[in-house]
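Residue-level structural notes
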Amino acid sequence: VPAVAQWEVFDPSNFAENVLQASRELEQIENQIQSLQNEATMLTNMGKNLQALGLNELGPILSDLNGVQSIINQPFGIGFDLGTTQAAFGQYWPATYSIGTTNETLQADGLTRWTDAMQSFLQTLSIGAQVIRNVENDSTSLSALVGASQGAAGNLEATQATNQLLALSTKQQLQTQSLLVAQYRAETLNLANEQEAEVQGKAEFANF
């Protein structure tokens, strides 16, 4: 029979305290794991928010605008420069002709006016044709940007897609303004020629 000192003594209260402490430590570990998971999710979302769009339609937009601008800059009769326009209009569309102006001069001025008017019509048609060509590119860009905006993973992608959509809209407005300016100029020259024909006719009659 073993001695009393060799017997193992089971303490229920101490055992319960140890189990409770182990349970608390396990709960703390689970909380730490959950916290780490939340931080990892937050970092992932931050990475998505900082992710670039990877789509840049600015190049084609500027290229289309340059195409329209190149037509405007071509020497189609009277240009769009203020000083040049005023000087040319004062020379070839005078309010009256001085006495003694030859018929040759009158006819040469009339031919210049007719040529400028025809050139302005040609420029308007050319700008319109370029704008129509650009509309095809706009359809492709619009489809790509809308798709990128809808599939944006974060705020940066969405913002960049929105900015490029605004740039596309601005481009279309600038094209429309350029076309309207060219059209108004052509109509103005046509009306001015009708009025100037009376001035030229009076001068030719006086010479006669």
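Here the structure is a predicted model, which means the values were calculated and not measured.

Right, let's get into the nonpolar core. Nonpolar side chains in soluble globular proteins tend to be buried together. Counting residues in hydrophobic clusters, the biggest one holds seven residues: Val 68, Ile 71, Ile 72, Phe 76, Ile 127, Val 131 and Ala 182. Secondary-structure elements contributing two or more residues to this core are helix H2 (58-73) and helix H4 (103-150). Broken down by element, the residue count for this core peaks at three residues, all from H2. Ignoring sequence-local partners within four residues, the contact set of Val 68 consists of Ile 127, Gln 130, Val 131, Asn 134, Gln 175 and Ser 178. Core analysis: the next-biggest nonpolar cluster, separate from the first, contains six residues, Ile 78, Trp 93, Ala 117 and Leu 189 among them.

Bringing the side chain of Asn 134 into the picture now. The residue Asn 134 is located in helix H4 in this model. Side-chain polar atoms of Asn 134 contact the side chain of Gln 175, separated by 2.6 Å. Every residue in contact with Asn 134, bar those within four places of it in the chain, is listed here: Asp 64, Val 68, Lys 171 and Gln 175.

Before going further, it helps to spend a moment on the packing of H2 against helix H5 (residues 155-207). Helix packing geometry: the angle between the two helix axes and the distance between the axes. Where H2 meets H5, the axes come as close as 10 Å, and the angle between the chain directions of the two elements is 10°. Looking at the two axes, H2 sits roughly parallel to H5. Packed against H2, whose contacting residues are Leu 58, Ile 61, Asp 64, Leu 65, Val 68 and Ile 72, the element H5 presents Gln 164, Ala 167, Leu 168, Lys 171, Leu 174, Gln 175 and Ser 178 at the interface. Broken down by class, the residue content of the contact of H2 with H5 amounts to eight nonpolar, three polar and two charged.

A few words now on a nonpolar patch on the surface. Nonpolar side chains collect at one region of the surface, where Leu 111, Trp 114, Met 118 and Phe 121 lie side by side and expose about 420 Å² of accessible area between them. Note on placement: Met 118 falls in helix H4.

All right, on to the environment of Val 135 then. Mapped onto the secondary structure, Val 135 falls in helix H4. A sequence separation of 37 residues divides Val 135 from Gln 172, and the C-alpha atoms of the two residues are 8.5 Å apart.

The rules behind these values
Residues numbered from 1 in each chain as written. Predicted model: local features only at pLDDT ≥ 70, side-chain atom pairs only at ≥ 80, totals over all residues. Heavy atoms only, no water. Core = buried A, V, L, I, M, F, W, Y, C linked by side-chain atoms within 4.5 Å. Buried < 20%, exposed > 50% of the residue type's maximum accessible area, 1.4 Å probe, protein only. Helix = DSSP H or I, 4+ residues; strand = E, 2+ residues; numbered from the N terminus. Contact = heavy atoms within 4.5 Å. Polar contact = N/O pair within 3.5 Å; in protein donor to acceptor, adjacent residues only side chain to side chain. Axes fitted to C-alpha atoms, helices over the stretch in contact; angles between N-to-C directions. Parallel < 35°, antiparallel > 145°, perpendicular 65-115°, else oblique. Nonpolar A, V, L, I, M, F, W, Y, C, P; charged D, E, K, R; others polar. Patch = residues over 30% accessible without salt bridge, like charges linked within 9 Å, V, L, I, M, F, W, Y side chains within 5 Å. Areas by Shrake-Rupley, 256 points an atom, 1.4 Å probe, with all protein chains shown as cover. Salt bridge = Lys/Arg side-chain N within 4 Å of Asp/Glu carboxyl O.

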